Amino acid sequence: ERAEASGAEHAAALVALSDRLAAARTEPGDSESDVEAATARRDAAAAAARDARAVETDARLTLRTLEERARSLSGRAASLEQAARTERAARERATARARARAAQAEVAAAVLAVAERACAAIDVSVRAATEQRERAEQARLERETEAAEVRTHLTEATARLKELTDVAHREEMARAEQRLRLEALEARAVDDLGLEPEALVADYGPDRPIPGPLGPDGEPGPAVAYVRDQQEKRLRAAERALALLGRVNPLALEEHAALAERHRFLVTQMTDLRKSRADLLEIVREIDDRVERVFAEAFADTAREFEGVFARLFPGGEGRLLLTDPEDMLTAGVDVEARPPGKKVKRLSLLSGGERSLTAIAMLVAIFKARPSPFYVMDEVEAALDDVNLGRLLEIFTELRADSQLVVVTHQKRTMEIADALYGVTMRGDGVTTVISQRLREDVDDPA
């Protein structure tokens, strides 16, 4: 309010000054002194106006600041009033809730009292029910025990009944068998002896004495009393002796003559077989001796040639052929020992692929030289060889073709260069394969 009053005063002073300035501008000057005086008054009025405007500006700023503060205070007062209203409403609600809780507490107290009385009654009922359940459980256990005993007695009685039934059944079967046996014995007595069972028992019953065992002269001994065990033992002995004798065969003489004739035939055949066996064994021995001799000669020649060929293919190396069992030439195997130059190993499995291939070629060439053949076919035997070893092999091929014809399947140009004729298989433009040939030497006849 003070700022507004000060602002109003300054505004009124500003208006007065503005009026005076306007009046001064409109009044004409009479003289220079008047003009100077007017100018001085005007300057003074302008300065006063500037000061008034500055004061007004400060007053306006102060007024604006105070207005902002008043608005802020108004907003805060409004928020405080709203908070106060909210607090009063919350207090009223809290009071209502407190009254409701008090009422609920009274109801809960009443319910608690009733629940305590109900719990006491339930405890009494539970104890009674527990006692009744224990009595029922005890009674159930007793009944289960009695039932188990009854089941045990029933099982035993069932087993006993089954046993008695089986015994009765067996007794019935035994009685039926006895009756059938008696009937069979009675029928046998009538059929074999022509005596009725009563007469047979009267004359030969168990109470009658029986002849004793036979003496050394074959005569029966003095009569003795019938003892069933002894007589059954005598019966079994007699049955065994009768079984050993067998049945009487009226054709025994004819069968004996036929068997004697067959025996003489079989003896003759056995003699011939033994002689044939001796002859075959002699032939086998001769064949074995010849095979052993031929194999020994072939092995010696092959081993000698192998050493030479191996030395040519592996200059400075050493190769040998050994028998696994020299004492048994027929079952002995052949071991190949190969030691290339600069190596100590002799087993083929420790050599490289090219060395193994060259060793195999040396073995083949040794066989060719030991037992020459007019015709040799070889399929890419030099595929794994380098140029140096290929040249050594081609020298051996040149020696071999002096006495034999060589057919070599190869892709090596150097091998083709030493050939007398080349044959190849190619495919024409129409997809049909054809064989082409080329003579490298004019003096070679076309084998086709």
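Residues numbered from 1 in each chain as written. Predicted model: local features only at pLDDT ≥ 70, side-chain atom pairs only at ≥ 80, totals over all residues. Heavy atoms only, no water.

Caption draft 1: Structural detail: the overall build of the chain. In terms of helices and strands, the chain carries eight helices and six strands. Start at the N end of the chain and walk to the C end: the helices and strands fall as α-α-α-α-α-β-β-α-β-α-β-α-β-β. Along the first, second and third principal axes, the C-alpha atoms of the chain reach 210 × 125 × 55 Å. The proportion of buried residues among the 448 residues of the chain is 13%. When contacts within the chain are restricted to residue pairs at least 6 apart in sequence, long-range pairs at least 24 apart make up 43% of them. Carbon and sulfur atoms provide 57% of the accessible area of the chain, an area that totals close to 34500 Å². Averaging the locations of the 66 positively and 83 negatively charged side chains of the chain gives two centres separated by 7 Å. (Helix = DSSP H or I, 4+ residues; strand = E, 2+ residues; numbered from the N terminus. Buried < 20%, exposed > 50% of the residue type's maximum accessible area, 1.4 Å probe, protein only. Contact = heavy atoms within 4.5 Å. Areas by Shrake-Rupley, 256 points an atom, 1.4 Å probe, with all protein chains shown as cover. Lys, Arg positive; Asp, Glu negative; His and termini not counted. Charge placed at Lys NZ, Arg CZ, Asp CG, Glu CD.)

Caption draft 2: Focus on the pattern of salt bridges. Here the structure, examined in full by the defined rule, presents 16 salt bridges. Ionic pairing is found between R91 and E87, a salt bridge with its closest N-O pair at 4.0 Å. In this pair, R91 and E87 are both assigned in helix 2 (residues 32-193), four residues apart and thus about one turn of the helix distant. Taking the shortest distance from any N to any O, the salt bridge between E395 and R312 comes out at 4.0 Å. Here R312 lies in helix 5 (residues 252-313) and E395 lies in helix 7 (residues 387-400), a separation of 83 residues in the sequence. Within this structure, R312, K369, E395 and E399 form a network of salt bridges that share partners. (Salt bridge = Lys/Arg side-chain N within 4 Å of Asp/Glu carboxyl O.)

Caption draft 3: Molecular detail of the packing of helix 6 (residues 353-370) against helix 7. At a minimum axis separation of 12 Å, helix 6 and helix 7 run at an interaxial angle of 10°. Relative to helix 7, helix 6 is oriented roughly parallel. The two elements helix 6 and helix 7 meet at a crossing, and its hand is left-handed. Residue-level contacts link L358, I361, V365, F368 and K369 of helix 6 to N389, L393, I396, E399 and L400 of helix 7. Looking at the contact of helix 6 with helix 7, its residues break down into seven nonpolar, one polar and two charged. (Axes fitted to C-alpha atoms, helices over the stretch in contact; angles between N-to-C directions. Parallel < 35°, antiparallel > 145°, perpendicular 65-115°, else oblique. Left-handed = near helix turned anticlockwise from the far one by under 90°. Nonpolar A, V, L, I, M, F, W, Y, C, P; charged D, E, K, R; others polar.)

Caption draft 4: Region of the structure containing the nonpolar core. Within the largest apolar cluster, 29 residues are counted, with the highest numbers of intra-cluster contacts made by L313 and F397. Of all the secondary-structure elements, those providing two or more residues to this core are helix 5, strand 1 (318-323), helix 6, strand 3 (375-379) and helix 7. Among all residues touching L313, those that are not within four sequence positions of it are L358, A362, N389, R392, L393 and I396. (Core = buried A, V, L, I, M, F, W, Y, C linked by side-chain atoms within 4.5 Å.)

Caption draft 5: The arrangement of helix 6 in detail. Compared with an ideal rise of 1.5 Å per residue, which puts 18 residues at 26 Å, helix 6 spans 26 Å between its outermost C-alpha atoms and is within 8% of the ideal. Lining the buried residues of helix 6 we find helix 5, strand 2 (334-339), strand 3 and helix 7. (Expected span 1.5 Å × (residues − 1).)

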